[in-house]
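Now for the letters of each chain:
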Amino acid sequence: MIDQQQGREPSEKVRRRSAGVAAFVAGLVATLAFFAFFPGLPHVIDWGAIVVSVLVGALARWGCEYWTGRGGREGG
């Protein structure tokens, strides 16, 4: 059984990574939706909006990984 588990990562690490990916996608989609549907903006997704959306997604992922990492350190 130990041989089967050696190739796997700890479940907390996998959970944090999947939460980070979910945060990235949520930030990306939310920012693109903001640029697409917010009144007063020209409702055009250009390269600037895509770059900003990727940056917001990366910031959301970093924040999520920081938050989940901090929660693990407080417990012990």
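Everything below is about the structure printed above this text.
Keep in mind the model is a prediction, meaning the values are calculated, not measured.

Now for the overall build of the protein. Looking only at helices and strands, the protein features 3 helices and 0 strands. What you see in the protein, going N to C, is helices and strands ordered as α-α-α. Looking at the protein as a whole, 12% of its 76 residues are labelled buried. Restricting the contact set of the protein to residue pairs at least 6 apart, pairs at least 24 apart contribute 62%.

Along the chain, Val21 falls in helix H2 (residues 11-37). C-alpha separation for the pair Val21 and Ala58, spaced 37 residues apart in sequence, amounts to 9.2 Å.

Enumeration over the complete set of coordinates arrives at 3 aromatic pairs. Here Phe34 and Phe35 contribute two aromatic rings whose centre-to-centre distance is 5.6 Å and whose plane-to-plane angle is 70 degrees, an arrangement assigned as edge-to-face. The exposure class assigned to Phe34 is partly exposed, which follows from its relative accessible area of 40%. Given the relative accessible area of 22%, Phe35 is considered partly exposed.

A cluster of nonpolar side chains, contributed by Ile45, Trp47, Ile50 and Val54, occupies part of the molecular surface with about 400 Å² of accessible area. Among the structural elements, Val54 can be located in helix H3 (residues 47-74). When its relative accessible area of 38% is taken as the criterion, Val54 is described as partly exposed.

Any two side chains of opposite charge can pair, on the condition that their charged atoms come close. Throughout the structure, instances matching the rule amount to 1 salt bridge. A salt bridge links Glu65 to Arg61, with the nearest nitrogen and oxygen atoms 3.1 Å apart. Remark: Arg61 and Glu65 occur in helix H3; sequence separation between them is 4 residues, near one turn of the helix.

Here is what the cut-offs are and how they apply
- Residue numbers here run from 1 along each chain, matching the order of that chain's written sequence.
- Confidence filtering applies because this is a predicted model: local features only for residues at pLDDT of at least 70, side-chain atom pairs given and counted only at 80 or more, and all residues used for totals across whole chains, interfaces and linings.
- Working from all heavy atoms in the structure, the side-chain values ignore hydrogens and water.
- Note on conventions: DSSP H or I runs of at least 4 residues are helices, E runs of at least 2 residues are strands, and numbering of each starts at the N terminus.
- Note on classification: 1.4 Å probe, protein chains only; a residue is buried when its accessible area is under 20% of the maximum for its type, exposed when over 50%, partly exposed between these limits.
- Only heavy atoms matter for contacts: two residues are in contact if any of them lie within 4.5 Å across the pair.
- Stacked, tilted and edge-to-face are the three classes applied to pairs of Phe, Tyr and Trp rings, where Trp contributes its six-membered ring and a pair requires centres within 6.5 Å; stacked means planes under 30 degrees apart, edge-to-face means over 60, and tilted covers the rest.
- Patch definition: residues with relative accessible area over 30% and no salt bridge; like charges joined within 9 Å; nonpolar side chains (Val, Leu, Ile, Met, Phe, Trp, Tyr) joined within 5 Å.
- Methods summary: accessible areas were calculated by the Shrake-Rupley approach with a probe of 1.4 Å, and residue burial reflects only the protein chains presented.
- By convention in these notes, a salt bridge is any Lys or Arg side-chain nitrogen within 4 Å of a carboxyl oxygen on Asp or Glu.

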